[in-house]
Amino acid sequence: MSGGYVNLDNASLTGVSVAFVSKYIALEGGDGSGKSTVAVALATRIETDGGEVVMVREPGGTPLGEVVRGLLLDSDRLDDWAEVFLFAAQRAELAREVIAPALSAGKWVVSDRTYYSSIAYQGRGRGLGEDEVRAINEKGLDGVVPDHVFVLDVDPETALARQHAADRIGKEGVDFQEKVRAAYLGLAESEPDKVVVLDGSLPADKLVDLIAAVVL
Ligand code: TMP
């Protein structure tokens with residue numbers, strides 16, 4: 001990877017303004033990258049620091065979103081564009097019903113995936129176009145987008161091997177995950193103030209240290 005992983009010494013390079021605390025934090029990465037564990041550990045760290053945290057996951061996080069999650073991950077097959085729109089639909093609902101109210105109330109939001117997953121998985125992995133998939137999602141989000149996106153980067157072969165049970169999309173295999181990984185690395189290059197790549201092989205508490213150095 002060209003830019004290298006962020007560390008405590010260059011965390012300030014992410015351009016965080018001290019005058020405005022950005023509280024919508026996303027964990028991203030390929031299947032089996034360990035982001036769910038880190039999301040929980042990060043939420044605990046923020047709470048220890050005195051913050052109130054709402055944790056969400058995508059797909060899911062609302063009654064409608066959890067139903068759509070089942071359709072997306074448990075169906076035998078699904079048209080690629082139907083997949084894009086179902087992800088975008090559950091996301092619009094989550095943004096308006098849960099995330100925007102939480103942020104308005106001064107709470108933190110820690111999200112296990114966001115529309116950056118769709119850009120990487122559907123845009124690059126499925127080959128539907130990163131710009132197209134981004135535009136479809138941003139339309140429904142109306143500005144409710146993460147302030148910081150942390151990508152846990154793990155070699156796809158290692159990551160897939162440590163997964164307990166793969167869902168429909170996780171079963172796509174290593175080549176697909178390589179495309180997803182390339183998309184995330186590209187996003188970090190094109191949006192360096194927002195998207196930060198971390199070495200996903202580090203222990204969760206070390207990863208939380210790195211994230212906390214940026215966001216807290
Ligand atoms: P999870 O394993 O993090 O629960 O994510 C569920 C699966 O859905 C995983 O294979 C990644 C995939 N996914 C997409 O393809 N696009 C998306 O927008 C999201 C949120 C997840």
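Small disclaimer: the values here were computed from a predicted structure and weren't measured.

Peer 1: Explain the overall build of the protein chain to me, please; I cannot follow it from the model alone.
Peer 2: Each helix and strand counted, the protein chain has eight helices and five strands in total. Relative to the 2.2 N^0.38 estimate, which gives 17 Å for 216 residues, the radius of gyration of the protein chain is 16 Å and therefore close to what a compact globule would have. Based on the C-alpha atoms only, the size of the protein chain along its principal axes is roughly 45 × 35 × 30 Å. Partitioning the contacts of the protein chain with sequence separation of at least 6, the portion at a separation of at least 24 is 79%.

Peer 1: How do you make sense of the site of the ligand when you look at a structure like this?
Peer 2: By nearness alone, 13 residues border the ligand, and E58, S117, S118, Y121 and I169 come closest of all. Per-element tally for the shell around the ligand: the top contributor is helix α4 (residues 115-125), with four residues. Grouping the constituent residues of the shell around the ligand by class yields five nonpolar, four polar and four charged.

Peer 1: Teacher, can you tell me more about helix α7 (residues 174-190) here?
Peer 2: An α-helix turns once per 3.6 residues; consequently, residues spaced three or four apart project the same way. Here α7 spans 24 Å end to end across 17 residues, near enough to the 24 Å set by a 1.5 Å rise per residue. When α7 is considered as a whole, its buried residues turn out to be F176, Q177, V180, R181, A183, Y184, L187 and A188. Within α7, the buried residues cover an arc of 155 degrees as seen down the axis, which keeps them to one side. Those residues of α7 that are exposed and angled more than 90 degrees off the buried face are D175 and S190. Looking at the buried residues of α7, the elements they touch are β1 (24-29), α4, α5 (130-141), β4 (148-153), α6 (156-161) and β5 (195-199).

Peer 1: Just checking my understanding: could you explain helix α1 (residues 35-48) for this structure?
Peer 2: A rise of 1.5 Å per residue sets the reference length of α1, with its 14 residues, at 20 Å; its end C-alpha atoms lie 20 Å apart and thus fit the reference within 8%. Looking only at α1, the buried set comprises K35, V38, A39, L42 and I46. Buried residues of α1 fall within an arc of 105 degrees about the axis and therefore sit on the same side. Those residues of α1 that are exposed and aimed more than 90 degrees away from the buried face are E47 and T48. The elements touched by buried residues of α1 are β1, β2 (53-57), β3 (108-112), β4 and α8 (204-215).

Peer 1: For this particular structure, what's the right way to read the packing of α4 against α5?
Peer 2: Two measures define how a pair of helices packs: the angle their axes make with one another and the distance between the axes. Following both chains from N to C, one finds α4 and α5 inclined at 150 degrees, their axes separated by 8 Å at the closest point. For the pair α4 and α5, the crossing hand works out as right-handed. Here Y115, S118, I119, Q122, G123 and R124 of α4 come into contact with α5, specifically with E130, E132, V133, R134, N137 and L141. Partitioning the contact of α4 with α5 into residue classes produces four nonpolar, four polar and four charged.

Basis of the calculations
- Residues numbered from 1 in each chain as written.
- Predicted model: local features only at pLDDT ≥ 70, side-chain atom pairs only at ≥ 80, totals over all residues.
- Helix = DSSP H or I, 4+ residues; strand = E, 2+ residues; numbered from the N terminus.
- Rg over C-alpha atoms; globule rule 2.2 N^0.38 Å.
- Contact = placed C-beta atoms within 7 Å.
- Near = placed C-beta within 6 Å.
- Nonpolar A, V, L, I, M, F, W, Y, C, P; charged D, E, K, R; others polar.
- Expected span 1.5 Å × (residues − 1).
- Buried ≥ 20, exposed ≤ 12 C-beta atoms within 10 Å, placed from the backbone.
- Arc of directions from axis to C-beta.
- Axes fitted to C-alpha atoms, helices over the stretch in contact; angles between N-to-C directions.
- Left-handed = near helix turned anticlockwise from the far one by under 90°.

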